[in-house]
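If you want the building blocks of each chain, they are given just below.
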Protein chains: 2
Amino acid sequence: MSFSPLVEQLMDALRVLPGVGPKTAQRMAMHLLERQREGGQRLAEVMREAVERVGYCQRCRTLTEEPLCGLCQSARRDDSLLCVVESPADMLAIEEAGGFQGRYFVLHGHLSPLDGVGPEDIGLDQLETLMEEGLIEEVVLATNPTVEGEATAHYIATQIQRHGARLSRLAYGVPMGGELEYVDGGTLSRAFSGRLPFDSE
Amino acid sequence: MSFSPLVEQLMDALRVLPGVGPKTAQRMAMHLLERQREGGQRLAEVMREAVERVGYCQRCRTLTEEPLCGLCQSARRDDSLLCVVESPADMLAIEEAGGFQGRYFVLHGHLSPLDGVGPEDIGLDQLETLMEEGLIEEVVLATNPTVEGEATAHYIATQIQRHGARLSRLAYGVPMGGELEYVDGGTLSRAFSGRLPFDSE
Ligand SMILES: [Zn+2]
Ligand SMILES: [Zn+2]
């Protein structure tokens, strides 16, 4: 025995969400049908609209339903600074950390030749066009500190260095507020090799 | 800074799902928009249809998009046995455990006067109609072993006892395969007061 076909379809479809297995899908379906029909109706409507209408910003490629995202439309950002990130979530994290006043470019992933993800798939032709405008003086390569992120940063560096912009990378090191004991070895050895003079003031 | 209005709306709407806070909602929205547009489209479509079309079985009140659920349509069940449960999920759990061959009646909750949930809200008028048919010889009150579940079982027992059907309750005790050490005190004392002669065969 099982639930009715439509309820089973709902549980099945919910599993497209990350981290949702059969048990969680059942709990979600029951919650929607037993207690949250209105919320479910609204979620269905917003989800339909979002997957249909949300695209990439024509300039920075972040997710937006407008031709240009809010940040690209803003006149209050520094056009000479460009930060390259793998995802819109990374862009938001940097914005929330504060301090960066430049523009962004979102790759939506990283190079992965084995999976068939090449330069055009992460928008590097578009990045090239952006560089050709000649406004950018520094590019911060803020891809993930993973093997793939590093490789992608190196590829981009090679591609755009002829435009004469400075290239920089986020500093590596032990995360602030963390305990050394729990920092992984790779990070720790990076933090050692990148150690700085101690400022006693 | 935040995501675009439509992306923010999606993250907001996802929080209707149980156990989904702001961080999980963001991860889900990003997953759908970055990697699972088709799955998101299908989920939106199925969810819209389900919250619109799934109703209660006219006989047992479980969730179904048909007038009668599959189990009520089946001729291979024992009409003299009725199991009363709080939710469709409880019904499925009992079916999956196997052994019960009767029919069900789903309350969709329990009595809760303080929240304004009275007898009609859990379908007791409909249960009365079912009892009046005179086919049911035993009613198994399988509400949850909670204060509210117990109170609801007692209320139902009082209501239907005049129909002359036997009333029974699921046995309480220590869960099979569990370790006594981890069984809560209430369950343990119930298991003691309900202890049975040891069958040495
Ligand atoms: Zn943009
Ligand atoms: Zn039914």
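Keep in mind that this is a model prediction, so the values were computed, not measured. (Residues numbered from 1 in each chain as written. Chains lettered and ligands numbered in written order. Predicted model: local features only at pLDDT ≥ 70, side-chain atom pairs only at ≥ 80, totals over all residues. Heavy atoms only, no water.)

All names here are of chain B. Donor atoms from the polypeptide that bind the zinc ion (ligand 2) are Cys57 (SG), Cys60 (SG), Cys69 (SG) and Cys72 (SG), placed at 2.3 Å. Given four donor atoms and angles of 105 to 119 degrees at the metal, the environment of the zinc ion (ligand 2) is assigned as tetrahedral. Mapped onto the sequence, the residues coordinating the zinc ion (ligand 2) show the spacing C-x2-C-x8-C-x2-C. Taken together, the positions of Cys60 in the loop between β1 (55-56) and β2 (63-64) and Cys72 in helix α4 (residues 70-73) put the pair 12 residues apart, joining distant regions of the chain. By relative accessible area, Cys60 is classed as buried at 1%. (Donors = N, O, S within 2.8 Å, 3.2 Å for Na, K, Ca; no water. Tetrahedral: all angles 85-135°; square planar, octahedral: opposite > 155°, others 65-115°. Helix = DSSP H or I, 4+ residues; strand = E, 2+ residues; numbered from the N terminus. Buried < 20%, exposed > 50% of the residue type's maximum accessible area, 1.4 Å probe, protein only.)

Right, let's talk about the packing of aromatic side chains for a bit. Residues and elements named next belong to chain A. Applying the stated criterion across every chain, the model contains two aromatic pairs over all chains. Judged by centre distance (5.2 Å) and plane angle (65 degrees), the ring pair of Phe100 and Tyr104 falls under edge-to-face. Classification of Phe100 by relative accessible area gives buried; the value is 16%. The exposure class assigned to Tyr104 is buried, which follows from its relative accessible area of 2%. (Phe/Tyr/Trp six-rings, centres within 6.5 Å; stacked < 30°, edge-to-face > 60°.)

Before going further, it helps to spend a moment on the interface of chain A and chain B. On the side of chain B, 51 residues touch chain A, which itself brings 51 residues to the contact. Interface area, chain A with chain B, both sides summed: about 4,900 Å², of which 73% is carbon and sulfur. Joining chain A to chain B, the criterion identifies zero salt bridges. At the junction of chain A with chain B, the criterion picks out 12 residue pairs in polar contact (both at pLDDT 80 or more). Ranked by residue count, the leading element in the side of chain A that touches chain B is helix α3 (residues 37-53) of chain A, at 14 residues. Here the side of chain A that touches chain B is built from residues that sort into 30 nonpolar, 12 polar and nine charged. (Contact = heavy atoms within 4.5 Å. Buried area = accessible area lost by both parts, 1.4 Å probe. Salt bridge = Lys/Arg side-chain N within 4 Å of Asp/Glu carboxyl O. Polar contact = N/O pair within 3.5 Å; in protein donor to acceptor, adjacent residues only side chain to side chain. Nonpolar A, V, L, I, M, F, W, Y, C, P; charged D, E, K, R; others polar.)

Right, let's talk about the relation of the copies chain A and chain B for a bit. Taken as rigid bodies, chain A and chain B are interconverted by a rotation of 180 degrees and an axial shift of 0.0 Å, the fit giving an RMSD of 0.0 Å. Here the symmetry operator amounts to a two-fold rotation axis. Judged by C-alpha distance, Ala44 of chain A is the residue of chain A that lies nearest the rotation axis, at 2.1 Å. Of the interface residues in chain A, 100% have counterparts in chain B that sit at the interface too, so the contact is made through matching surfaces. (Least-squares fit on C-alpha atoms with pLDDT ≥ 70 in both.)

All names here are of chain B. Extensive coverage of strand β5 (residues 138-142) is indicated by the burial of five of its five residues. Residue alternation in β5 divides its side chains into two sets, Glu138, Val140 and Ala142 and Val139 and Leu141, and both sets are buried. Bridge count for strand β3 (residues 81-85) against β5 is five bridges, and the pairing is parallel. Residue pairing across strands places Leu82 opposite Val139, the latter belonging to β5. Both β5 and strand β6 (residues 166-169) contribute to a ladder of four bridges, which runs parallel. In the sheet register, Val140 faces β6, and the bridge partner there is Ser168. Remark: the β5/helix α7 (residues 147-160)/β6 crossover connection has right-handed handedness. (Pairing = 2+ DSSP bridges. Right-handed = clockwise from strand over helix to strand, strands pointing away.)

Here the focus is the coordination of the zinc ion (ligand 1). All names here are of chain A. In this structure, Cys57 (SG), Cys60 (SG), Cys69 (SG) and Cys72 (SG) serve as the protein donors to the zinc ion (ligand 1), at separations of 2.3 to 2.4 Å. Seen from the zinc ion (ligand 1), its four donor atoms lie at angles of 106 to 120 degrees, and the figure they make is tetrahedral. The motif formed by the donor residues of the zinc ion (ligand 1), counted along the single chain, is C-x2-C-x8-C-x2-C.

If you check UniProt for "domain: Toprim" (unreviewed entry), the listed places come out as residues 80-175 of chain A in our numbering. Helix makes up 34% of residues 80-175 of chain A and strand 18%, and the two end C-alpha atoms of the span are 28 Å apart. (UniProt positions renumbered as here; feature names shortened; annotations may be inferred.)

With that settled, consider the pairing of strand β3 (residues 81-85) of chain A. Where a strand is regular, its side chains alternate between the two sheet faces. Residues and elements named next belong to chain A. Where burial is concerned, most of β3 is hidden: four out of the five residues are buried. Bridging between β3 and strand β4 (residues 103-106) involves four bridges; their strand directions are parallel. By the bridge assignment for β4, Val85 is matched with Val106. Remark: the β3/helix α5 (residues 88-97)/β4 crossover connection has right-handed handedness.

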